[in-house]
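Chain by chain, the residues run as shown.
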Amino acid sequence: MFRLYDTRSRQPEPVGQAHRGELRMYDCGPTVYRYAHVGNLRSYLLSDLIRRAAERRKLQVTVCQNITDVGHLTDDSQSDATGEDKMLAQARTEDRTALEIARYYEDAFRADLAGMNIRPADYSPRASESIELMIDMIAELIDTGHAYATADGSVLFDARSFAGYGELSGNRLGDLQPGHRTGGSVDSSKRFHADWALWKGTSERTELTWQTPWGTGFPGWHTECSAMSLHHLGEHIDIHTGGIDLRFPHHENERAQSNSVAGHEVVRQWVHGEHLLFEGRKMSKSTGNVVLLSDLPGRGLDPLALRLAFLEHRYRQQMNLSWDTLEAADKTLRRWRERVADWARSPSAAMSSRYADAVAAAFDDDLDTPAGLRTLRALERDEAVSPGAKFETFAHLDRLFGLDLARDIGKPVAAPELPDGAADRLEARAKARAASDWPAADRLRDELAAIGVTVTDTPQGQAWTIRAAR
Ligand code: AMP
Ligand code: ZN
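Just so it is clear, the model here is predicted, and its values are computed rather than measured.

Definitions and limits used
- Residues numbered from 1 in each chain as written.
- Chains lettered and ligands numbered in written order.
- Predicted model: local features only at pLDDT ≥ 70, side-chain atom pairs only at ≥ 80, totals over all residues.
- Heavy atoms only, no water.
- Salt bridge = Lys/Arg side-chain N within 4 Å of Asp/Glu carboxyl O.
- Buried < 20%, exposed > 50% of the residue type's maximum accessible area, 1.4 Å probe, protein only.
- Near = heavy atom within 4 Å.
- Polar contact = N/O pair within 3.5 Å; in protein donor to acceptor, adjacent residues only side chain to side chain.
- Areas by Shrake-Rupley, 256 points an atom, 1.4 Å probe, with all protein chains shown as cover.
- Helix = DSSP H or I, 4+ residues; strand = E, 2+ residues; numbered from the N terminus.
- Phe/Tyr/Trp six-rings, centres within 6.5 Å; stacked < 30°, edge-to-face > 60°.
- Pairing = 2+ DSSP bridges.
- Contact = heavy atoms within 4.5 Å.
- Axes fitted to C-alpha atoms, helices over the stretch in contact; angles between N-to-C directions.
- Donors = N, O, S within 2.8 Å, 3.2 Å for Na, K, Ca; no water.
- Right-handed = clockwise from strand over helix to strand, strands pointing away.
- Expected span 1.5 Å × (residues − 1).
- Patch = residues over 30% accessible without salt bridge, like charges linked within 9 Å, V, L, I, M, F, W, Y side chains within 5 Å.
- Lys, Arg positive; Asp, Glu negative; His and termini not counted.
- Charge placed at Lys NZ, Arg CZ, Asp CG, Glu CD.

Quick notes on the pattern of salt bridges
- If you walk through the whole model with that rule in mind, you get 40 salt bridges.
- A salt bridge links Arg-24 to Glu-22, with the nearest nitrogen and oxygen atoms 2.9 Å apart.
- A salt bridge links Arg-126 to Glu-129; the nearest nitrogen and oxygen atoms lie 3.1 Å apart.
- Judged by relative accessible area, Arg-126 falls into the partly exposed class, the value being 22%.

Set out below in structure tokens:
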């Protein structure tokens with residue numbers, strides 16, 4: 001049985017399907033005003049691993065992942081009433097239009113996903129192109145008494161209209177202090193201090209604004225994920241993923257919105273990935289501690305070394321990454337690819353179902369990828385399994401791990417290098433033979449043998465082989 005930890009029930013739950021044979025999953029995607037850092041990529045990997053584990057179980061997986069290119073304000077984490085749009089702020093910094101910024105970083109995001117072997121989503125709706133969906137949803141929430149318009153052209157969600165508020169994060173409405181996220185002030189247009197903006201009316205901003213029945217404005221950040229997920233995946237979504245920081249308020253508010261539209265629980269399971277630290281510190285632009293996938297090749301590292309390093313930890317554990325860890329992962333990756341290429345030249349044999357089943361069981365157990373990798377290492381060492389069977393098993397399991405383990409098959413094998421001092425002796429020996437100095441030729445042959453080079457004399461001259469290093 002495939003189980004994943006559910007944030008709402010706070011325990012692992014069997015992954016179920018609202019639609020027979022299908023798995024519908026929604027991932028909170030990037031705000032495309034900057035490059036994704038490796039921490040972000042860890043969160044996106046989570047959905048890819050779920051997809052692969054589900055596909056192994058023959059489920060047809062449909063993933064929707066939004067692209068936020070409007071509505072995410074610079075201080076959304078502290079306040080839902082003020083702040084500048086992240087896209088517009090970055091456009092000013094780079095002296096480009098918001099659209100140019102959005103498309104540039106969206107392309108970079110897609111390139112990062114490809115570099116990590118994370119398969120693209122089936123639907124990647126952009127917020128700026130989904131405004132109609134949001135307006136329709138807001139209108140419905142007003143009609144059903146879950147939202148209300150204010151004098152400044154905004155529309156707020158009435159938090160008290162949704163009884164289940166707080167189930168996801170534990171932040172019940174009664175526990176939330178007025179002004180807890182605004183440093184004490186409460187917007188006077190709010191009926192209740194925890195209400196939030198579905199739509200933000202503006203009379204000042206001119207870019208990235210739209211006309212609505214309530215006035216000109218732009219969507220609140222939480223609005224898009226409800227509107228897009230309901231539109232593209234329907235009212236029964238099996239899994240919703242994101243980084244742990246999104247649990248509150250983003251997902252709590254999103255759940256309130258979506259459930260209020262549908263009249264029932266929309267998302268069956270909420271799965272959150274823990275955060276990544278780099279060299280012991282939080283990754284943030286302000287402290288200069290940001291690492292990008294594109295930094296790896298500059299250090300001679302394969303981008304998939306990052307994927308392997310992530311797999312060494314379960315998604316639910318906080319993880320501290322370092323360059324040393326990445327270098328070690330890179331070495332392991334290269335060794336596995338070489339071995340797989342080597343084993344592929346051996347007589348073919350059926351894969352080891354014992355090892356394959358153990359890895360599949362680890363993935364099914366709430367994505368226990370560290371256990372999966374331990375099994376892979378045990379298989380690598382197991383002398384009772386033939387090289388042909390190892391090849392088949394590694395190649396098969398790579399559908400789960402996604403590490404391109406079969407990449408080096410068929411590549412020419414590099415000639416082994418001569419040990420130090422061998423080239424000079426070979427040359428000296430060729431000269432000794434040409435001068436018929438047999439005692440010198442024999443002495444050099446013995447010296448070469450002592451450093452691992454076996455010389456034989458052929459009609460074409462001397463030939464040599466290098467003994468494999470132990
Ligand atoms: P953002 O672009 O900031 O909205 O974040 C995109 C995704 O990355 C979200 O799912 C976040 O929860 C996640 N995220 C942000 N920082 C980290 C981190 N340090 N480690 C893991 N995931 C993160
Ligand atoms: Zn979202």
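The discussion continues.
Quick notes on the site of ligand 1
- Gly-39, Ser-43, Gly-243, Asp-245 and Leu-276 are the nearest of the 14 residues found near ligand 1.
- Between an oxygen atom of ligand 1 and a side-chain N or O atom of Asn-40, the distance comes to 2.9 Å.
- Taking Leu-276, its main chain carries an N or O atom lying 2.9 Å from a nitrogen atom of ligand 1.
- Look at ligand 1: alone it shows 490 Å² of surface, and the protein chains cover 91% of it.
- Looking at which element gives the most residues to the shell around ligand 1, the answer is helix H1 (residues 38-56), with 4 residues.

Quick look at the packing of aromatic side chains
- Per the counting criterion, the structure on display carries 10 aromatic pairs.
- Look at Tyr-44 and Phe-109: their rings are 5.2 Å apart centre to centre, the planes differ by 80°, and that puts the pair in the edge-to-face class. Of this pair, Tyr-44 sits in helix H1 while Phe-109 sits in helix H3 (residues 98-115), and the two are 65 residues apart along the sequence.
- Here Phe-109 falls in the buried class, since its relative accessible area comes to 4%.
- Aromatic side chains Phe-157 and Trp-196 sit 4.6 Å apart centroid to centroid with 15° between the ring planes, which places their arrangement in the stacked category.

Digging into the sheet that holds strand S14 (residues 319-321)
- Read from one edge to the other, the open sheet built from 3 strands follows the order S13-S12-S14, with strand pairing classed as mixed. The strands lining the two open edges of the sheet, one partner per strand, are strand S13 (281-282) and S14.
- Bridging between strand S12 (residues 276-278) and S13 involves 2 bridges; their strand directions are antiparallel. By the bridge assignment for S13, Leu-277 is matched with Lys-282.
- Sheet strands touched by helix H8 (residues 304-311): S12 and S14. Its angle to S14, the strand with the most contacts, is close to 145°.

What about the coordination of the zinc ion (ligand 2)?
- Ligation of the zinc ion (ligand 2) by protein atoms is provided by Cys-28 (SG), Cys-225 (SG) and His-250 (NE2), these donors lying 2.1 to 2.2 Å from the ion.
- Each donor residue of the zinc ion (ligand 2) lies on the same chain, and together they follow the pattern C-x196-C-x24-H. Of the two residues, Cys-28 is situated in the loop between strand S3 (22-27) and H1 and Cys-225 in helix H5 (residues 221-233); the sequence distance between them amounts to 197 residues. As far as the burial class goes, Cys-28 and Cys-225 line up, both buried.

Observations concerning the sheet that holds strand S7 (residues 196-201)
- The antiparallel open sheet is built from 5 strands, whose spatial order is S5-S6-S7-S9-S8. Because the sheet does not close on itself, it has two edges, and the strands there are strand S5 (147-149) and strand S8 (210-212). When strand polarity is set aside, the average angle formed by the axes of neighbouring strands in this sheet is 35°.
- Across 3 bridges, S7 lies against strand S9 (residues 215-219) in antiparallel orientation.

With respect to the pairing of strand S10 (residues 237-243)
- In terms of residue burial, S10 counts as a mostly covered element, since 7 of its 7 residues are buried.
- The sheet contact formed by S3 and S10 spans 3 bridges and is parallel. Bridged to Asp-27 within S10 is Thr-241.
- Note: S10 against strand S11 (residues 267-273), 6 bridges, orientation parallel. The residue bridging Ile-239 from the neighbouring strand is Gln-269, located in S11.
- Traced from S10 through helix H6 (residues 250-262) to S11, the parallel crossover comes out right-handed.

Looking at the side chain of Asp-408
- Mapped onto the elements, Asp-408 comes out in the loop between helix H12 (387-401) and helix H13 (422-434).
- Given the relative accessible area of 18%, Asp-408 is considered buried.

Overview of H1
- If you check H1, its first and last C-alpha atoms are 26 Å apart, about what 19 residues at 1.5 Å a residue would give, namely 27 Å.
- The positive-phi residue at the C-terminal boundary of H1 is Lys-58, with phi of around 70°.

Structural notes on the pairing of strand S2 (residues 11-14)
- Pairing of strand S1 (residues 3-6) with S2, which is carried by 4 bridges, proceeds in the antiparallel orientation. Across the sheet, residue Tyr-5 finds its bridge partner in S2, namely Pro-12.

Let's talk about a negative patch on the surface
- Residues Glu-132, Asp-136, Glu-140, Asp-143 and Glu-235 make up a contiguous surface patch of negative charge.
- Topologically, Glu-132 is positioned in helix H4 (residues 131-143).
- Given the relative accessible area of 56%, Glu-132 is considered exposed.

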